[in-house]
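A look at the structure
For reference, the chains in residue letters:
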Amino acid sequence: MLKVEHLKKRFGNHVVLNDINITIGKGEVFCIIGQSGSGKTVLFRHIIGLLFPDGGRILLDNEVISSPTTKPADFDKVRKRFGILFQGAALFDSMNVGENLAFPLREHTKMTEKEISKLIAESLEMVGLKEEFKTKMPSELSGGMRSRVGLARGLVMKPEIMLYDEPTSALDPIMTDKINDLILSLRDKLRMTSIIITHDMASAYKIADKMAMIQDGKIIFHGTPGEIRESRNPYIQQFIRGQKKHHYAIADEDAYAVPINISKVKPRAVGPRRPVPAPSTENAAAAPSDMANKKFQMPVRPGGQNNQ
Ligand SMILES: Nc1ncnc2c1ncn2[C@@H]1O[C@H](COP(=O)(O)OP(=O)(O)O)[C@@H](O)[C@H]1O
Ligand SMILES: [Mg+2]
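Bear in mind the structure is a predicted one, so any value in this text is a computation, not a measurement.

Looking now at the overall build of the protein chain. A count of helices and strands for the protein chain gives 10 helices and 12 strands. Buried residues in the protein chain amount to 37% of all 308 residues.

Written out as structure tokens, the structure reads:
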């Protein structure tokens, strides 16, 4: 069990975490939601020992693993128990996929190359990639593929606790659904604990056993997805309704409970419709599914922008 108690962190005069309390049970899928800049990533970095608090502490199985007096080296003995998927996957660009996955194994274990090779194939398979993928370079991968490789690297050590910072933000709805199913099967088959930072409410509803919402460095909600839906706090209601429209408006909250059907995915319900941009950035990885849905393709005037 992981417990965050009265955690406080400031950068200069800026108080970022202000008395954070969270309890996460073994084998639980726990989602942390909140607006951009609310302190989610800073909290994440405390849990994995990249930052240490000014006040409060973090306990893992009743043992203090982080407090104002903890040194980075003190954290080393528990670091291996955590697997991490950073925002944007954070792959080593100079290494191919296989080398990226082998890195933590070579660093932290005494496995033979043969054992490493086997585990790499297994981890790639877990995220739906063929073993041949290991020779690809990160620069050859789409946003969705990078996330999957990042996830495979996080899983290669078979961690007890897997942490994800915005795992689905660069993914299209189909890939998002696959990652969500994977998180659930890791819980059901391996009893892995997952801590997921997300602003994708549809995913949080689908996978979370418990969730916490953070606002201005404080926890303003801690409970089940059912309880957050019932919350009377207008700020929470506004957030959970607003976030569902962040990239796509999903026809109903259970849309992800059945095999994804592209016809349920509608473009943003608010604001003017714009032509679908070419998928030039990672975040545009969702564009092809819009394009597949001809109904939403906007006519483009020959030789010019479609200004409307
Ligand atoms: N290393 C740092 N130094 C100073 N300020 C920081 C640092 N890391 C984060 N912050 C600030 O802390 C606040 C919360 O950031 P963050 O946890 O990244 O938000 P988010 O909820 O979007 O993940 C932001 O105002 C950010 O500018
Ligand atoms: Mg963040």
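Our focus in this paragraph is the sheet that holds strand β3 (residues 29-33). Taken in spatial order, the 6 strands of this open sheet run β6-β7-β8-β3-β9-β10, and their pairing is mixed. Of all strands in the sheet, those with a lone pairing partner are β6 (82-85) and β10 (218-223), marking the two edges. Between one strand axis and the next, the sheet turns by 15° as a mean value, whatever way the strands run. Where β6 lies against strand β7 (residues 161-165), 4 bridges are found, and the strand directions are parallel. Across the sheet, residue Gly-83 finds its bridge partner in β7, namely Met-162. Contacts from helix α5 (residues 143-155) reach β6 and β7, with the element oriented near 170° to β6.

Take the site of ligand 1 next. By nearness alone, every residue bordering ligand 1 is listed as Phe-11, Val-16, Gly-34, Ser-36, Gly-37, Ser-38, Gly-39, Lys-40, Thr-41 and Val-42. Per-element tally for the shell around ligand 1: the top contributor is helix α1 (residues 40-47), with 3 residues. Classifying every residue of the shell around ligand 1 gives 3 nonpolar, 6 polar and 1 charged.

Close contact between helix α3 (residues 97-108) and α5 brings their axes to 8 Å; oriented N to C, the two are set at 30°. Looking at the two axes, α3 sits roughly parallel to α5. Remark: the crossing between α3 and α5 carries right-handed chirality. Contacts from Val-97, Asn-100, Leu-101 and Pro-104 of α3 reach α5 at Val-149, Ala-152 and Arg-153. A per-class count over the contact of α3 with α5 returns 5 nonpolar, 1 polar and 1 charged.

So, about the environment of Glu-125. In this structure, Glu-125 sits in helix α4 (residues 113-126). With 27 residues separating them along the chain, Glu-125 and Ala-152 place their C-alpha atoms 8.5 Å apart.

Let us look at unusual backbone geometry. Not every positive phi belongs to a glycine, and Asn-62 is a case in point at roughly 65°. Counting through the fold element by element, Asn-62 comes out in the loop between β4 (55-60) and β5 (63-66). Judged by the 7 C-beta atoms lying within 10 Å of it, Asn-62 falls in the exposed class.

Listed as buried for α3 are Val-97, Asn-100, Leu-101, Ala-102 and Leu-105. Contact partners of the buried residues in α3: α4 and α5.

Rules of the game
- Residues numbered from 1 in each chain as written.
- Chains lettered and ligands numbered in written order.
- Predicted model: local features only at pLDDT ≥ 70, side-chain atom pairs only at ≥ 80, totals over all residues.
- Helix = DSSP H or I, 4+ residues; strand = E, 2+ residues; numbered from the N terminus.
- Buried ≥ 20, exposed ≤ 12 C-beta atoms within 10 Å, placed from the backbone.
- Pairing = 2+ DSSP bridges.
- Axes fitted to C-alpha atoms, helices over the stretch in contact; angles between N-to-C directions.
- Contact = placed C-beta atoms within 7 Å.
- Near = placed C-beta within 6 Å.
- Nonpolar A, V, L, I, M, F, W, Y, C, P; charged D, E, K, R; others polar.
- Parallel < 35°, antiparallel > 145°, perpendicular 65-115°, else oblique.
- Left-handed = near helix turned anticlockwise from the far one by under 90°.

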